[in-house]
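Remarks on the overall topology
Below, each chain spelled out in residue letters.
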Amino acid sequence: MGDVLAGFHAAWEFESDSVLIRYERGIRTPKLFQALGERRVPLEAIAGVTLTPGRRGTVVLRVEPRPGADPLMEAAAGQLKEGSDPYRLVLPAERETLAEYYADELRGLLSESGKTERYLVPAPEAPLHFKAYDGKASFDGTSVTFRWFWTGASSAKWKAGDQTFPVAGLGGVEWRSPEMFEGYLRLLPRDAAAVAPQADQDPASVVFGLGYGPVHESLPFAAAVLAALRDRGPAVPVPVPAPRRDPADIAERIRHLGELHQAGLVTDEEFSSKKAELLAEL
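Per chain, residue numbering runs from 1 following the sequence as it is written. Confidence filtering applies because this is a predicted model: local features only for residues at pLDDT of at least 70, side-chain atom pairs given and counted only at 80 or more, and all residues used for totals across whole chains, interfaces and linings. To get the side-chain values, take all heavy atoms of the structure and skip hydrogens and water.

Digging into the environment of Val121
Selection rule: Put simply, DSSP H or I for four residues or longer makes a helix, DSSP E for two residues or longer makes a strand, and each gets a number counted from the N terminus. What makes two residues a contact is simply this: any of their non-hydrogen atoms within 4.5 Å.
Tracing the chain through its elements places Val121 in the loop between α3 (96-109) and β8 (128-131). For the pair Val121 and Thr58, spaced 63 residues apart in sequence, the C-alpha separation works out to 27 Å. Here Val121 is in contact with Arg39, Arg40, Val41, Pro42, Ala45, Ala69, Asp70, Pro71 and Tyr87, once residues within four sequence places are set aside.

Printed below as a string of structure tokens:
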């Protein structure tokens, strides 16, 4: 079709084999949309199209992705708020006739349904990172790393030390929205047999909190890891060398440790021991 339909916060360009969604940037645009930038949704990834009345004199055009077609929606698992749904285009009510035209045209091009065997919508690209309440999560495309914060991490995580998880050893990702109570991101091992501990005690999880692990950062992160899991080959043992730490990160950790020491929350012995550990990681 090659036509463009512009709505609030996004514009959809209808092509012969896909819909290109370009999200606006602005203070009123959901941060998730701004983080995504644009997404190309192949027609084979779409199960259906709906047009429904919206709020305050608007109509909503929505494409329904097929199950398994989009790692972002798979990671979200129905937890996204309506206003942050990347497959909704909100339009003024006076454009309903035009929207209905495009909906009908799009329906006529759809021929696939049911669960897909592979992701059809590209995941956000690595490297990705975000700050959780108890640590910093990083993904370089092949492994996920959790580096704990001295103040936020539980004693169980601090004793376990910073964690690195090769994609080859993972079986899944569990994301609980930070907009819900006790949100977290948990990495699931390939052979998960035992019941996982609470997220704040689990070294394979980072927990969210007010201002930590926001949707627009942690959800694309989870989606990228899921996509890497599906693209991986057979599981093989992967030796993981201890990563070299960023000197700026070490300096920040030592500065923070010094503040705790001055406040009397860390003893002289604990301060000296932990400072030596951090310097040894350079």
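Focus on the pattern of salt bridges
Under the convention used in this document: A carboxyl oxygen of Asp or Glu within 4 Å of a side-chain nitrogen of Lys or Arg is what we treat as a salt bridge. Partly exposed residues are those whose accessible area sits between 20% and 50% of the maximum for their type, while under 20% is buried and over 50% is exposed, using a 1.4 Å probe and protein chains only.
Tallied over the entire structure, the rule returns 16 salt bridges. One salt bridge connects Arg39 with Asp70, and the closest N-O pair in it is separated by 2.7 Å. Linking Arg39 in strand β4 (residues 38-42) with Asp70 in the loop between β6 (58-65) and α2 (71-76), this pair joins segments that are 31 residues apart in sequence. Judged by relative accessible area, Arg39 falls into the buried class, the value being 5%.

Describing the environment of His256
Relative to the helices and strands, His256 is located in helix α6 (residues 247-262). C-alpha of His256 to C-alpha of Leu170: the two residues are 86 residues apart in sequence and 32 Å apart in space.

As for the packing of aromatic side chains
The condition is simple: By convention, a stacked pair of Phe, Tyr or Trp rings (six-membered ring in the case of Trp) has centres within 6.5 Å and planes under 30 degrees apart, an edge-to-face pair has planes over 60 apart, and any other such pair is tilted. Remark: a charge is flagged as sitting over a ring if the NZ atom of Lys or the CZ atom of Arg is within 6 Å of the ring centre and within 35 degrees of the ring normal.
For the coordinates displayed, the defined rule picks out 11 aromatic pairs. Ring geometry for Phe130 against Phe208: centres 6.0 Å apart, planes inclined by 65°, an arrangement best described as edge-to-face. Residue Phe130 is found in strand β8, and its partner Phe208 is found in the loop between β14 (205-207) and α5 (215-231); the two are separated by 78 residues along the sequence. On the numbers, 5.9 Å between centres and 50° between planes, the contact of Phe146 with Trp148 is tilted. According to the relative accessible area criterion, Phe146 is buried, its value standing at 0%. Taken together, the aromatic side chains of Trp12, Phe14, Tyr101 and Tyr102 make up a single cluster linked through ring pairs. Over the aromatic face of Tyr184 sits the side chain of Arg186, whose NZ or CZ is 5.0 Å from the ring centroid. Seen from the ring of Tyr119, Arg230 lies directly overhead, with NZ or CZ sitting 3.8 Å from the centre.

Re the pairing of strand β5 (residues 46-53)
Quick note on the threshold: Any two strands between which DSSP finds at least two bridges are classified as paired.
Two elements, β5 and β6, share 7 bridges in a ladder whose sense is antiparallel. Of the residues in β6, the one forming a bridge with Ile46 is Pro65.

Examining the sheet that holds strand β12 (residues 170-176)
Threshold: Lines are fitted to the C-alpha atoms to define the axes, a helix being fitted only along its stretch in contact, and any angle between axes, read from their N-to-C directions, falls within 0 to 180 degrees.
Here 3 strands make up an open sheet; going across it, the order is β12-β13-β14 and the pairing antiparallel. The two strands at the open ends of the sheet, each matched to only one other strand, are β12 and β14. Pairs of neighbouring strands in the sheet enclose a mean axial angle of 10°, with direction left out of account. Pairing geometry for strand β13 (residues 184-189) and β14, over 3 bridges, is antiparallel. Paired with Leu185 across the two strands is Val206, which belongs to β14.

Observations concerning unusual backbone geometry
Cis geometry is adopted by the peptide bond preceding Pro127, which originates at Ala126 and carries an omega value of 5°. Its identity is not glycine, yet Arg56 carries a phi of approximately 50°, on the positive side. Relative to the assigned elements, Arg56 resides in the loop between β5 and β6. Positive phi, normally seen in glycine, also occurs at Glu182, with a value near 55°.

Quick notes on the confidence of the model for the protein chain
Applicable threshold: Per-residue confidence from the prediction method is given by pLDDT, with values spanning 0 to 100.
Of all residues in the protein chain, 90% have pLDDT values of 70 or greater, and the mean over the chain is 89. Contacts of residues 234-243 to residues separated by more than four positions or lying in other chains number 10 contacts, the stretch itself having pLDDT below 50.

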